[in-house]
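What follows is each chain in one-letter form.
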Amino acid sequence: METENHDHIANRPPWSPVLRNWAPAVLWACVIFLFSTESFSSVNTSKFLEPLLSGMFSRITAEQFEVIHLLIRKLSHWSEYFIFSLLLIRASHGQFNLKLNLRQAVWVAAAVSIYALSDEFHQLFVSSRTASLADAALDSFGGICGILWTYLRPKGNSIAASVPPGDDNGRHFCKKT
């Protein structure tokens, strides 16, 4: 039996650190864009949530459902941009465990806010959606909360954009500090 030589695989250059660091943020921006389409309009999400909530809470009224539905949708806005800000921080540092300086925090907040505004602008062209500056403000607030979380969270383990332990073949892309 002949053994295959896989040296070409071991010697190939790793993904570019820039691509590895920025791909999650770009992909998440695409997810946010997807959530702004007609598929995730209030009418369509209620088709999914109404049977789910009615099954969980048999005595839920239409008014209660509308309040819960609204809260879920607004929490979704906040959490999408909370995550987006964390991914932008990760992209700019390659890891989460570094503290942002003021300039970096402002850059991330501005990027999140600009994307939130562009997302609401996109919704102007989706017939079943409505653009809202209040939603853009909520999105921006979610991003700012993500920035604040990086300052306030316990600094123990790094959530690094690195190769799994034992699989780095001597290459270190993100060093823990």
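This report concerns the structure included in the present document. (Residues numbered from 1 in each chain as written. Predicted model: local features only at pLDDT ≥ 70, side-chain atom pairs only at ≥ 80, totals over all residues. Heavy atoms only, no water.)

## A closer look at helix α2 (residues 17–35)
Along an α-helix, a turn takes 3.6 residues, which lines up residues three or four apart on a common side.
Then, in step 1: The terminal C-alpha atoms of α2 lie 28 Å apart, and with 19 residues this matches the ideal 27 Å at 1.5 Å per residue to within 8%.
Then, in step 2: At Ala23, α2 is bent by approximately 35 degrees, the largest bend along its length, and proline Pro24 sits one to four residues beyond.
Then, in step 3: Along α2, the positions that sit buried rather than exposed are Arg20, Asn21, Ala23, Ala25, Ala29 and Ile32. (Helix = DSSP H or I, 4+ residues; strand = E, 2+ residues; numbered from the N terminus. Expected span 1.5 Å × (residues − 1). Bend = angle between axes of the 7 residues up to and from the residue. Buried < 20%, exposed > 50% of the residue type's maximum accessible area, 1.4 Å probe, protein only.)

## Quick look at the nonpolar core
Then, in step 1: Core analysis: the biggest nonpolar cluster contains 15 residues, and Tyr81, Phe84, Leu88, Val108, Val112 and Ile147 have the highest contact counts within it.
Then, in step 2: For this core, the secondary structure elements donating two or more residues are α2, α4 (62–93), α5 (102–123) and α6 (133–152).
Then, in step 3: When residues of this core are assigned to their parent elements, the largest contribution, five residues, is made by α4.
Then, in step 4: When near neighbours in sequence (up to four residues on either side) are disregarded, Phe84 contacts Ala25, Trp28, Ala29, Ile32, Val112 and Tyr115. (Core = buried A, V, L, I, M, F, W, Y, C linked by side-chain atoms within 4.5 Å. Contact = heavy atoms within 4.5 Å.)

## Structural notes on the packing of α2 against α5
How two helices pack is summed up by the angle between their axes together with the distance between the axes.
Then, in step 1: Here α2 crosses α5 at 30 degrees, and the two axes come no closer than 10 Å. Classed by the angle they form, the pair α2 and α5 counts as roughly parallel. Helix-helix and strand crossings are classified by hand; for α2 and α5 the assignment is right-handed. Every residue of α5 that contacts α2 at Trp22, Ala29, Cys30, Ile32 and Phe33 is listed here: Trp107, Tyr115, Asp119 and His122. (Axes fitted to C-alpha atoms, helices over the stretch in contact; angles between N-to-C directions. Parallel < 35°, antiparallel > 145°, perpendicular 65-115°, else oblique. Left-handed = near helix turned anticlockwise from the far one by under 90°.)

## Considering helix α3 (residues 42–56)
Then, in step 1: Helix length check: α3, at 15 residues, gives a terminal C-alpha distance of 20 Å against a target of 21 Å (1.5 Å per residue), a fit within 8%.
Then, in step 2: Among all positions in α3, only Thr45, Ser46, Leu49 and Leu53 are buried.
Then, in step 3: On its buried face, α3 is in contact with α4.

## Notes on the side chain of Arg129
Then, in step 1: Tracing the chain through its elements places Arg129 in the loop between α5 and α6.
Then, in step 2: Within the structure, Arg129 has its side chain in polar contact with the backbone oxygen of Thr37 (distance 3.2 Å).
Then, in step 3: If sequence neighbours within four positions are ignored, Arg129 has contacts with Phe35, Ser36, Thr37, Phe40, Ser41, Arg73 and Gln123. (Polar contact = N/O pair within 3.5 Å; in protein donor to acceptor, adjacent residues only side chain to side chain.)

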